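Reading the structure
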Amino acid sequence: AARGPPAGGGGVFLLGLVVGGVGGGGGVGGGVGGAPPAGAAPPPPHFTPYAAGGPADAELLGRAAARAAELGLGRGDRVLLDVTAHPDPVDWLLAPLVAGASTVLCANADPSRLPARADAERVTRTLA
């Protein structure tokens, strides 16, 4: 099957995921410059390549929130992640996003160099 954005322009296609809606229908980019229209609540996160609001969204968000709690991630954390040790995108992308954390991604990180990298990147959590 072809991989790409869903038909109808229902969202922004990013890394194989649809993030919100585009245009006048509430979602990421519903207002000027990507912001929600004045007075509108921000849309809930949408992480699947299907139409927003389906059970797949709720299940994925639930998995991401549970994983963020398991990993001890919180709002404002800056997390250094070795994607080789944590290959699941729920760990290195969705869990930090749901928790309100930012990420520094590495692959095949050298354990002897991680402390210097963590210091340089000002991370609060290291998952390697």
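Residues numbered from 1 in each chain as written. Predicted model: local features only at pLDDT ≥ 70, side-chain atom pairs only at ≥ 80, totals over all residues. Heavy atoms only, no water.

So, about the pattern of salt bridges. The final tally for this structure, using the stated rule, is 5 salt bridges. Salt-bridge contacts for Glu 121 lead to Arg 78; the nearest nitrogen and oxygen are separated by 3.1 Å. One end of the pair, Glu 121, is in helix α3 (residues 114–121); the other, Arg 78, is in strand β3 (residues 78–82), and 43 residues separate them in sequence. The partly exposed category is assigned to Arg 78, whose relative accessible area is 27%. The shortest N-O distance in the salt bridge between Arg 117 and Glu 121 comes to 3.3 Å. Here the residue Arg 117 and the residue Glu 121 both occupy positions in helix α3, the gap between them amounting to 4 residues, near one helical turn. Here Glu 121 falls in the partly exposed class, since its relative accessible area comes to 25%. Linked through salt bridges whose partners overlap, the residues forming this network are Arg 67, Glu 70 and Asp 91. (Salt bridge = Lys/Arg side-chain N within 4 Å of Asp/Glu carboxyl O. Helix = DSSP H or I, 4+ residues; strand = E, 2+ residues; numbered from the N terminus. Buried < 20%, exposed > 50% of the residue type's maximum accessible area, 1.4 Å probe, protein only.)

On to the environment of Ala 101. Among the secondary structure elements, Ala 101 is positioned in the loop between α2 (89–99) and β4 (102–106). Expressed as a C-alpha distance, the spacing of Ala 101 and Thr 124, which sit 23 residues apart in the sequence, is 9.8 Å.

Among the residues of α2, those classed as buried are Val 90, Asp 91, Leu 94, Ala 95, Pro 96 and Ala 99. The opening residue of α2 is Asp 88, an N-cap whose side-chain oxygen sits 2.9 Å from the backbone nitrogen of Val 90. Gly 100 sits one or two positions beyond α2 and adopts a positive phi of about 85 degrees. (Polar contact = N/O pair within 3.5 Å; in protein donor to acceptor, adjacent residues only side chain to side chain.)

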